[in-house]
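Examining the three-dimensional arrangement
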Amino acid sequence: MLKIIDNPYLHEEIATLAVILIYAILRVSIAKIVRRFARLNEVLEHRTNLIIKYINLLLGILALISITIIWGVKKDQILLFISSVFAVVGVASFAQWSILSNITAGIIIFFSYPFKIGDKIKIHDKEYPVEGEIEDIKAFYIILKTNDGEIITYPNNLLMQKGISIINNPIEEKEFFD
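The text that follows walks through the structure, step by step, so that each part is easy to find. For every chain, the first residue of the written sequence is number 1, and numbering continues from 1 along that sequence. The predicted nature of this model means local features are confined to residues of pLDDT at least 70 and side-chain atom pairs, given and counted, to a pLDDT of 80 or more, with totals for whole chains, interfaces and linings taken over all residues. Note: side-chain values were computed over all heavy atoms of the structure, leaving out hydrogens and water.

Overview of the nonpolar core
In this description, a nonpolar core means a group of buried Ala, Val, Leu, Ile, Met, Phe, Trp, Tyr and Cys residues linked to one another through side-chain atoms lying within 4.5 Å. Note on classification: 1.4 Å probe, protein chains only; a residue is buried when its accessible area is under 20% of the maximum for its type, exposed when over 50%, partly exposed between these limits. Core analysis: the biggest nonpolar cluster contains 12 residues, these being Ile109, Phe115, Ile121, Ile123, Val130, Ile134, Ile137, Ile142, Leu144, Ile152, Tyr154 and Leu159. The numbering of helices and of strands both runs from the N terminus, where a helix is a DSSP run of H or I of at least 4 residues and a strand a run of E of at least 2. Secondary-structure elements contributing two or more residues to this core are β1 (120–124), β2 (130–137), β3 (141–145) and β4 (151–155). Take this core: its biggest share by element is 3 residues, from β2. If you look at the next biggest cluster of nonpolar residues, it comprises 7 residues, including Val34, Ala38, Ile52 and Phe110.

Remarks on a nonpolar patch on the surface
Two joining distances apply to patches: 9 Å for like charges and 5 Å for nonpolar side chains (Val, Leu, Ile, Met, Phe, Trp, Tyr), and every residue must have over 30% relative accessible area and no salt bridge. For every accessible area listed, the method is Shrake-Rupley and the probe measures 1.4 Å; residues are considered covered only by the protein chains on display. By salt bridge we mean one thing: a side-chain nitrogen of Lys or Arg within 4 Å of a carboxyl oxygen of Asp or Glu. The grouping of Leu57, Leu58, Ile61, Leu62, Ile65 and Ile69 at the surface amounts to a nonpolar patch, some 560 Å² of accessible area in total. Relative to the assigned elements, Leu58 resides in helix α2 (residues 45–70).

Observations regarding the packing of aromatic side chains
For any pair of aromatic rings, the description rests on two quantities: the centre-to-centre distance and the angle between the ring planes. Note on aromatic contacts: the rings of Phe and Tyr and the six-membered ring of Trp form a pair at centre separations within 6.5 Å, being stacked when their planes are under 30 degrees apart, edge-to-face when over 60 apart, and tilted otherwise. As enumerated under the stated definition, the model contains 1 aromatic pair in all. With a centroid separation of 5.8 Å and 40 degrees between ring planes, the pair formed by Tyr9 and Trp71 is classed as tilted. In this pair, Tyr9 sits in the segment before α1 (10–40) while Trp71 sits in the loop between α2 and α3 (75–92), placing the two residues 62 residues apart along the sequence. By relative accessible area, Trp71 is classed as partly exposed at 38%.

Side note on the pattern of salt bridges
Using the criterion set out here, one finds 3 salt bridges in the structure. Note that Lys120 is salt-bridged to Glu131, the shortest N-O span being 4.0 Å. Residue Lys120 is located in strand β1, and its partner Glu131 is located in strand β2; the two are separated by 11 residues in the primary sequence. With relative accessibility at 19%, the residue Lys120 sits in the buried group. Given a relative accessible area of 32%, Glu131 falls into the partly exposed group.

What follows is the structure, encoded as structure tokens:
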């Protein structure tokens, strides 16, 4: 005769498996969506992989929070733990706040800015105007090469705060002249 094991944590185990399954499905489907977006907008693969890594990190954190709630960790304990972590991280990275703003700006640039690698742009800055060709777009900064051959790294958060002119777009010019 089949004996059913009495497991007091059966509901939590099933819910945990459901969260892990949802996490895996979301991770794969969001990666496909981001790759399709990148392919349509001609974004380099290493930038696409960077964005996917950030999204996977966010999904992992959400899954971990969900699992801790499922297993009955009290809300007071969760809030105390989270506030303690944020206090330590906040104090440790107070001087490094620009890193987070640069990463956020890098993600926004990935999805919405009209320039790509190879475009020649002009950054309208009163003190230090910059003009050059975009060599690469990283998570924290873009790399520009001026007409003189000088390599300039320009932080993403400053790039979003300044006016930018696209001087030429080699892809559009090629299509125009063909």
